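Below, each chain spelled out in residue letters.
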Amino acid sequence: MTFHATVLTLYPEMFPGSLDLSLAGRAREAGTWSLETVQIRDFATTKHRNVDDTPAGGGAGMVMRADVLARAIDHAAPGDDPRPRLLMSPRGKPLDQRRVRELAAGPGAVILCGRFEGVDQRVIEARGLEEVSVGDYVLSGGEPAALVLLDAVIRLLPGVMGNDASGEEESFEGGLLEHPQYTRPQLFEERPIPEVLLSGNHAKIAAWRRAEAERLTRERRPDLWAALNKDRQRVP
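Along each chain, residue indices are assigned from 1 in the same order as the chain's sequence is written. In keeping with the predicted nature of the model, local features appear solely for residues at pLDDT of at least 70, side-chain atom pairs appear and are counted solely at 80 or more, and the whole-chain, interface and lining totals rest on all residues. Side-chain metrics in this entry use all non-hydrogen atoms of the structure; hydrogen atoms and water are not considered.

Applied cut-off: UniProt positions are given in the numbering used here, feature names are shortened, and annotations may be inferred rather than shown by experiment.
Looking up the chain in an unreviewed UniProt entry gives the name tRNA (guanine-N(1)-)-methyltransferase, with the organism given as Nitratireductor aquibiodomus RA22. Under the UniProt heading Subcellular location (unreviewed entry), the entry covering the chain gives this text: "Cytoplasm". In its Catalytic activity (unreviewed entry) section, the UniProt record describing the chain reads: "guanosine(37) in tRNA + S-adenosyl-L-methionine = N(1)-methylguanosine(37) in tRNA + S-adenosyl-L-homocysteine + H(+)".

This is the structure in structure tokens:
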């Protein structure tokens, strides 16, 4: 099954961008995933193809119009389209590895890239848009966020990574950050590779990696550590 992504944007020239390189690019050439862009302005009906207007109630900036976006969404994803409809938004639910895996297991995604001050709430509700955030910061538009989301999903599609086990030992898999990694040279600026990694004892190596992953998670992401311990307490 090919993962099919449709991106609704005011800047289709930003795609596929980095997704045409490396693993993602080769996977697209192989037909593992496909990409379609939809120019939102094509669905504007005014003389100047306006896609935005002033916010109701006053305030700075402009808001993307519900009627224009509804026409674009209906064109890109008719009612029987099973793909989730995502809106890249800083107020959305934070994207995590669990959601990435869910998306990778599905048929694709329809992704709306917001711009200006945001999107009219009525089209979010009327078209069932799932708001997704890639971090607690504001971008100039949803396009970079859409590229991030697609990159995270595409690398998990079957056959994209040469070694599928790589995806099982990364940060956020199992709720932990990834352990430190090392490679040759054995000594770099008087800093050696930890001796346990050179021991050949796979049990000790696994225990060391687990301990390091837990240490880094406690130090850098106490939120993840707290969530992990909460889940452990639920197990009977």
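## Some words on the side chain of His 179
Put simply, the rule is: Secondary structure is summarised from DSSP: a helix means a run of H or I of at least four residues, a strand means a run of E of at least two, and numbering begins at the N terminus for each. Whether two residues are in contact is decided by their heavy atoms: any pair within 4.5 Å suffices.
Structurally, His 179 is set in the loop between α5 (143–154) and β8 (187–188). When neighbours within four sequence positions are excluded, His 179 is seen to be in contact with Arg 209, Glu 212, Ala 213 and Leu 216.

## Details of the side chain of Glu 214
With respect to the helices, strands and loops of the structure, Glu 214 is situated in helix α6 (residues 202–220). Here Glu 214 is in contact with Leu 176, Trp 225 and Arg 232, once residues within four sequence places are set aside.

## Remarks on the sheet that holds strand β6 (residues 108–113)
Cut-off, in case you're wondering: For two strands to count as paired, DSSP must find a minimum of two bridges between them. Orientation is described by lines fitted to C-alpha atoms, with helices fitted over the stretch in contact, and by angles between N-to-C directions that extend from 0 to 180 degrees.
Ordered in space as β2-β1-β6-β5-β7, the five strands form an open sheet in which the pairing is parallel. Edge positions in the sheet fall to β2 (33–39) and β7 (130–133), since each of these pairs with one other strand and no more. Sheet twist, expressed as the mean angle between neighbouring strand axes with direction ignored, is 35°. Here four bridges tie strand β5 (residues 85–94) to β6, and the two strands are oriented parallel to one another. For Arg 85, the partnering residue across the bridge sits in β6 and is Val 110.

## Some details on the UniProt feature "binding site: S-adenosyl-L-methionine" (unreviewed entry) in the chain
Rules: Between buried and exposed lies partly exposed: a residue is buried under 20% and exposed over 50% of the maximum accessible area for its type, with that area taken using a 1.4 Å probe on protein chains only.
Using the residue numbers shown here, the UniProt feature "binding site: S-adenosyl-L-methionine" (unreviewed entry) corresponds to Gly 114, Val 134, Gly 135, Asp 136, Tyr 137, Val 138 and Leu 139. In this structure, Gly 114 sits in the loop between β6 and α4 (121–126). Here Gly 114 falls in the buried class, since its relative accessible area comes to 12%. Ignoring any residue separated from it by four or fewer positions in sequence, one finds Gly 114 in contact with Met 64, Leu 87, Met 88, Val 119, Gly 141 and Gly 142. Checked against the element boundaries, Val 134 lands in the loop between β7 and α5. For Val 134, a relative accessible area of 23% translates into the label partly exposed. What Val 134 contacts, discounting residues up to four positions off in sequence, is Met 88, Leu 95, Ala 145 and Val 148.

## Some details on the nonpolar core
What counts is decided by this rule: Residues belong to one nonpolar core when they are buried, are Ala, Val, Leu, Ile, Met, Phe, Trp, Tyr or Cys, and are joined through side-chain atoms within 4.5 Å.
Among the nonpolar cores identified, the biggest contains 30 residues, and Phe 3, Trp 33, Ile 111, Leu 149 and Leu 150 are the most heavily contacted of them. Elements supplying a minimum of two residues to this core: β1 (3–9), α1 (22–29), β2, β5, α3 (97–104), β6 and α5. It is α5 that contributes the most residues to this core, eight residues altogether. Dropping the residues within four chain positions of it, Leu 149 is found in contact with Leu 86, Met 88, Leu 95, Leu 103, Ile 111 and Val 132. Membership of the second largest hydrophobic core comes to 23 residues, among which are Val 68, Ala 70, Leu 112 and Val 123.

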